[in-house]
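Coordinate inspection notes
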Amino acid sequence: MTYPTLLSPWYVVQQYSVKKSDVDTLTVLTEYWTTDGEGKDSWSDNPHAAMIFMTLSAAARVSDAEVAEVRVIYSKEGLEQFRPRQFDEKD
């Protein structure tokens, strides 16, 4: 398995949402762009469900359409948040 590098980064589209969790408490959640594989797009607060883009242009199109931001992943360590441990154990 190859990993993202400085010369070949990967991308995730994310946005922040504010949820009222208590009377006086606000919680800021990071939500990640995902797809169910059948074309239905949505947001998930689970980073393992995040769709990883290989090109900036594809991530930017989604980001522009959804008023979100593009996060750049440029190392194996940066990828750990987005992949379950079972995938890394094989490497």
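Residues numbered from 1 in each chain as written. Predicted model: local features only at pLDDT ≥ 70, side-chain atom pairs only at ≥ 80, totals over all residues. Heavy atoms only, no water.

1. Digging into the nonpolar core
Counted only if it meets this: What we call a nonpolar core is a set of buried Ala, Val, Leu, Ile, Met, Phe, Trp, Tyr and Cys residues that are connected through their side-chain atoms within 4.5 Å. Type-normalised accessible area, obtained with a 1.4 Å probe on protein chains alone, sets the label of each residue: buried when under 20%, exposed when over 50%, and partly exposed for intermediate values. Only heavy atoms enter the contact rule, under which two residues are in contact if any of them lie within 4.5 Å.
Among the nonpolar cores identified, the biggest contains nine residues, and these are Tyr3, Trp10, Val12, Tyr32, Ala50, Ile52, Ile73, Leu79 and Phe82. For Ile73, the contacting residues outside a window of four places in its chain are Pro4, Pro9, Trp10, Val12, Gly78, Leu79 and Phe82. In this structure, Tyr11, Val13, Phe53 and Ala59 belong to the second largest nonpolar core, which totals seven residues.

2. Observations regarding the packing of aromatic side chains
We apply this condition: Only Phe, Tyr and Trp rings are paired, with Trp represented by its six-membered ring, and only when their centres lie within 6.5 Å; those with planes under 30 degrees apart are stacked, over 60 edge-to-face, the remainder tilted. Counting from the N terminus, the helices are the DSSP runs of H or I reaching at least four residues and the strands are the DSSP runs of E reaching at least two.
All chains considered together, the criterion is met by two aromatic pairs. Plain terms: the ring middles of Tyr32 and Phe82 are 5.5 Å apart, the flat faces sit at 85° to each other, and that makes the pair edge-to-face. Here Phe82 lies in the loop between helix H2 (76-79) and helix H3 (85-89) and Tyr32 lies in strand E2 (residues 26-35), a separation of 50 residues in the sequence. Phe82 matches Tyr32 in its accessibility class, with the two residues each being buried.

3. Let's talk about helix H1 (residues 56-66)
Spelled out, the test is: The arc in question is the one spanned by the directions pointing from the helix axis to the C-beta atoms.
Restricting attention to buried positions, one finds in H1 the residues Ala58, Ala59, Val62 and Ser63. Buried residues along H1 cover an arc of 130° about the axis, so they all sit on one side. For H1, the exposed residues set more than 90 degrees away from the buried face come down to Arg61, Asp64 and Ala65. If you follow the buried residues of H1, they end up packed against strand E1 (10-20), E2, strand E4 (52-53) and strand E5 (69-73).

4. Quick notes on the pairing of E1
For the record, the criterion: Whether two strands pair comes down to DSSP finding at least two bridges between them.
Direction of pairing for E1 relative to E5: antiparallel, over a ladder of five bridges. Each residue of the ladder has a partner; that of Trp10, found in E5, is Ile73. Direction of pairing for E1 relative to E4: antiparallel, over a ladder of two bridges. Along E4, the bridge assignment pairs Tyr11 with Phe53. Counting the residues that bridge the hairpin from E1 to E2 gives five residues.

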